[in-house]
Amino acid sequence: MTSANSPLVGKVALVTGASSGIGEATAAALAEAGAKVAVAARRADRLQALAGRIEKTGGKALTIEADIAKDGDVTAMVDKVVAQWGRLDILVNNAGIMLLSPAAEASLEDWRRMIELNLLGLMATTKAALPHLKTAKGHIVNVSSVAGRVANPGATGYAATKFGVVAFSESLRREVYADKVRVTVIEPGLVRTELGDHITNAEFKAGLENRLATMEALTAGDIANAILYAVSQPPRVNVNEILIRPTDQER
Ligand code: NDP
């Protein structure tokens, strides 16, 4: 239940990849903190269920079915938020896929899908939202990964997209800080979500399942808390980067 003292009252947020995992937990946390939250992804039924839960506790939610790898969907998504609520204060670029494989065995199609969603989709969403974020003196949160800081074997294409997100975010921060727009990169280690379900390389899929079985991974809520921390700071505070690993994770 929100109150007038909730830190994000009056703010409008858009969370991509909100139908599961980190995006779903983040949307719920932002709503709980008082923001109106637009939730975007491809699975409309999951978005409707999340919106129902947010509204049941007194929050406001807008569902947007969108494929972030499609330019037209991205611009329509941003337009829909602004048409509904007249502004955009917080953009959480979270939608992503992780198709692990060593380079020699990688499917070019897997690499293309990751680049088009994790990197180009995030960049396109940012570009579409930027005019509104400048007006609102808003905040962009880009979900990268430990794989955006440490390039492990087998991550190849995924790490390339996540290093790309880090580079894009820092360049963007230096472009927009004078407009009072803040930019935060979140770099999670292993989080228990649906992310590994889509890996096409059997060995790496099993390897991830084994790590999850033998380590206490982070929860999606742990990452939502980190994002909530960053976006709840006073306007003078720009939390540029949060690298957050499970205690049990070395690299
Ligand atoms: P999930 O698989 O649970 O969530 C991924 C989300 O992205 C889903 O909501 C999915 O929705 C959405 N998505 C996938 N493809 C598209 C698309 N083409 N258009 C729009 N939305 C899409 O995984 P996580 O919550 O773990 O992942 C969220 C982010 O966190 C990703 O960027 C991931 O790289 C990053 N991350 C995750 C870590 C982990 O260990 N789990 C560690 C480090 C970073 P739908 O299928 O309905 O479209």
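Above this note sits the structure.
Heads up: these notes are all about the structure in this document. As the structure is a prediction and not an experimental result, all values here were calculated from the model.

Residues in close proximity to the ligand total 28 residues, the closest being Ser19, Arg42, Arg43, Tyr158 and Thr193. One of the side-chain N or O atoms of Ser19 is found 2.8 Å from an oxygen atom in the ligand. Contact with the protein chains removes 95% of the 880 Å² of surface that the ligand exposes when unbound. Mapped by element, the contributors of at least two residues to the shell around the ligand are helix H1 (21-32) and helix H5 (156-176). Tallied by class, the residues present in the shell around the ligand amount to 13 nonpolar, 10 polar and five charged.

Attention now moves to the packing of helix H4 (residues 108-136) against H5. The interhelical angle for the contact between H4 and H5, taken along N-to-C directions, is 15°, at an axis separation of 8 Å. Here H5 runs roughly parallel to H4, going by the angle between their axes. In the packing of H4 onto H5, the handedness of the crossing is right-handed. Along the contact surface, H4 presents Trp111, Met114, Ile115, Asn118, Leu119, Leu122, Met123, Thr126, Leu130 and Lys134, while H5 presents Thr156, Gly157, Tyr158, Thr161, Lys162, Gly164, Val165, Phe168, Leu172 and Val176. Of the residues belonging to the contact of H4 with H5, the class tally is 12 nonpolar, six polar and two charged.

An ideal rise of 1.5 Å per residue puts 18 Å on 13 residues; helix H2 (residues 44-56) measures up with 18 Å between its terminal C-alpha atoms. Taken together, the buried positions of H2 are occupied by Leu47, Leu50, Ala51 and Ile54. An end-on view of H2 places all buried positions within 100° of arc, on one side of the element. Summarising the geometry of H2, the exposed residues directed more than 90 degrees from the buried face are Asp45 and Lys56. Packed against the buried residues of H2 are H1, strand E2 (36-41) and strand E3 (60-65). Backbone geometry just after H2 places Gly58 at a positive phi near 95°.

The biggest cluster of nonpolar side chains holds 42 residues, and the ones touching the most others in it are Leu14, Ile64, Met77 and Val81. Elements with a minimum of two residues in this core: strand E1 (12-16), E2, E3, helix H3 (71-85), H4, H5 and helix H6 (202-214). Looking at this core element by element, the count peaks at six residues for H4. Those residues in contact with Val81, other than ones at most four positions away along the chain, are Val12, Leu14, Ala38, Leu62, Ile64, Gly86, Arg87 and Leu88. Residues Leu30, Ala41, Leu218 and Ile227 belong to the second largest nonpolar core, which totals 37 residues.

The rules behind the values
Residue numbering note: each chain is counted from 1, following its sequence as written. Per-residue local features of the predicted model are confined to residues with pLDDT of at least 70, and side-chain atom pairs are confined, for both listing and counting, to 80 or more; whole-chain, interface and lining totals are unaffected and use all residues. Hydrogens and waters are ignored; side-chain quantities use all the structure's heavy atoms. We call a residue near a molecule or strand when any one of its heavy atoms sits within 4 Å of it. Polar contact is the term for a pair of N or O atoms within 3.5 Å; when the atoms are in protein, one must be able to donate a hydrogen and the other to accept it, and sequence-neighboring residues count only if both atoms are side-chain atoms. All accessibility values rest on the Shrake-Rupley procedure with a 1.4 Å probe; residue burial counts only the protein chains present in the view. A run of DSSP states H or I qualifies as a helix once it reaches four residues; a run of E qualifies as a strand once it reaches two. Both are numbered from the N-terminal end. Residue polarity is assigned by list, with Asp, Glu, Lys and Arg as charged and Ala, Val, Leu, Ile, Met, Phe, Trp, Tyr, Cys and Pro as nonpolar; anything else, Gly included, falls into the polar class. Every angle, taken between N-to-C directions, lies between 0 and 180 degrees, and every axis is a line fitted to C-alpha atoms, over only the stretch in contact when it is a helix. Roughly parallel covers angles under 35 degrees, roughly antiparallel covers those over 145, roughly perpendicular covers 65 to 115, and oblique covers all other angles. Crossing handedness follows the turn of the near helix against the far one: under a right angle anticlockwise gives a left-handed crossing, and clockwise gives a right-handed one. Any two residues having at least one pair of non-hydrogen atoms within 4.5 Å are treated as being in contact. Here the expected span of a helix is defined as 1.5 Å times the quantity of residues minus one. The cut-offs for exposure are 20% and 50% of the maximum accessible area for each residue type, with area from a 1.4 Å probe on protein chains only; residues under the lower value are buried, those over the upper are exposed, and the others partly exposed. Each C-beta atom gives one direction from the helix axis, and the arc is the one those directions make. As used here, the term nonpolar core means buried Ala, Val, Leu, Ile, Met, Phe, Trp, Tyr and Cys residues forming a set that is joined through side-chain atoms within 4.5 Å.

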